Amino acid sequence: MKNYLKIAVQKSGRLSEDSLNLFKECGIKVEMGKGRLRTVSSNFPAEFLFLRDDDIPGYVEDGVADLGIVGENVLVESAKQVEVVKTLGFSKCRLSIAVPKETSFSLPEDLHGKRIATSYPRILSEYLQKNHIHAHIHEISGSVEIAPSIGLADAICDIVSSGSTLLSNGLKELDSIFRSEAVMVAHSGLAEEKKAILERLLFRISSVQTAKD
Ligand code: PRT
Ligand code: ZN
């Protein structure tokens, strides 16, 4: 099997189920063996690689994978050079700045001179620059929501979907700075044969999306 697409999908997490469902709805078989990190489809020229979502933009940029499914938040933060070939409409969320409920901050300008904890320093710093806010970005990799209550930061910038995690950590949203959904990305220098397979795949995805509208 020479000409086939290597497609990177999240191994387990909030993107996994909808990503696999998408291929299923397109009539593409993805047999996942227990603990297996790659599998070849039996009815479409594709091999699936199961990875951490954070690694997907880099693998697609390098061409280790031809295609990948990832959240726009992770994609933009990664700053990797890949082509977005389809927006997929699932895993919708937003990146928001939040502050402790009892603080008097209510405007973005109130963040001047404050410390903001986040796992998204790039997207946050772009927002701060655009709004002429001088604040300190404190990069942490997880459990961002507890940062204010342990005295690590005055505010946070993190992913929100229902808002219940903010609420249960005594935080309120100050501003929503980025909207995200799952997207399909492609390596920018795909060979013609691979492009042709990608076209077939995109056609099937469009048909599935139209049927749902
Ligand atoms: O292990 P791996 O690195 O692959 O996965 P991960 O743990 O980094 O990511 P994962 O599976 O949690 O999320 C994958 C992608 O799903 C994210 O990059 C977003 O694009 C998207 N997504 C959609 C979300 C959420 N909704 C979401 N709610 N990602 C994270 N959350 C978090 C949020 O940060 C909060 O802490 O879920 C918590 C609950 O959110 P609320 O507001 O509903 O309470
Ligand atoms: Zn991740």
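Since the structure is predicted, the reported quantities are computational estimates derived from the model, not experimental observations.

S.K.: Outline the domain arrangement of the chain, listing residues and values.
M.R.: Domain annotation for the chain reports domain 1 (5-91 + 181-212) and domain 2 (93-179). Taking the mean C-alpha position of each, domain 1 and domain 2 sit 30 Å from one another. When domain 1 packs against domain 2, the two sides together hide about 730 Å² of surface, and 57% of this comes from carbon and sulfur. Three residues, N73, V76 and E77, lead the burial of domain 1 against domain 2; their summed loss comes to 70% of the area buried on that side.

S.K.: So, the pairing of strand β9 (residues 155-160): which residues are in play, and what are the values?
M.R.: Where burial is concerned, most of β9 is hidden: five out of the six residues are buried. In terms of strand pairing, strand β6 (residues 93-100) meets β9 through five bridges, oriented antiparallel. Bridged to I97 within β9 is C157. As defined by bridge partners, strand β7 (residues 115-118) adjoins β9 across three bridges and the pair is classed as parallel. The partner of T118 across the bridge, within β9, is C157.

S.K.: If you had to explain the packing of aromatic side chains to someone new, which residues and values would you point to?
M.R.: For the coordinates displayed, the defined rule picks out one aromatic pair. Ring geometry for F23 versus F48: centroids 4.9 Å apart, planes at 70°, classification edge-to-face. One end of the pair, F23, is in helix α1 (residues 16-25); the other, F48, is in strand β3 (residues 46-51), with 25 residues separating them in the sequence. When its relative accessible area of 0% is taken as the criterion, F23 is described as buried.

S.K.: Break down the nonpolar core for me, with residues and values.
M.R.: Formed by 30 residues in total, the largest nonpolar core has its most connected members in I97, L111, I116, L124 and I177. Residue assignment for this core shows that the elements contributing at least two residues are β3, α2 (56-62), α3 (72-78), β6, α4 (121-130), β9, β10 (171-180) and β11 (182-186). A total of four residues in this core trace back to one element, the largest contributor, which is α4. Split by domain, the residues of this core number at least three in each of domain 1 (5-91 + 181-212) and domain 2 (93-179). Not counting chain neighbours up to four residues away, the residues in contact with L124 comprise I97, I116, T118, I137, C157 and I177.

S.K.: Would you mind going over the coordination of the zinc ion (ligand 2) in detail, with residue names and values included?
M.R.: The zinc ion (ligand 2) binds to the protein through D53 (OD) and D54 (OD); the donor distances cover 2.0 Å. For the zinc ion (ligand 2), the four donor atoms in the first shell make angles of 77 to 167° at the metal, so the coordination geometry reads as irregular. Assessed through its relative accessible area of 17%, D53 is described here as buried.

So, how was this worked out
Residues numbered from 1 in each chain as written. Chains lettered and ligands numbered in written order. Predicted model: local features only at pLDDT ≥ 70, side-chain atom pairs only at ≥ 80, totals over all residues. Heavy atoms only, no water. Domains from an automatic or database assignment. Buried area = accessible area lost by both parts, 1.4 Å probe. Buried < 20%, exposed > 50% of the residue type's maximum accessible area, 1.4 Å probe, protein only. Helix = DSSP H or I, 4+ residues; strand = E, 2+ residues; numbered from the N terminus. Pairing = 2+ DSSP bridges. Phe/Tyr/Trp six-rings, centres within 6.5 Å; stacked < 30°, edge-to-face > 60°. Core = buried A, V, L, I, M, F, W, Y, C linked by side-chain atoms within 4.5 Å. Contact = heavy atoms within 4.5 Å. Donors = N, O, S within 2.8 Å, 3.2 Å for Na, K, Ca; no water. Tetrahedral: all angles 85-135°; square planar, octahedral: opposite > 155°, others 65-115°.

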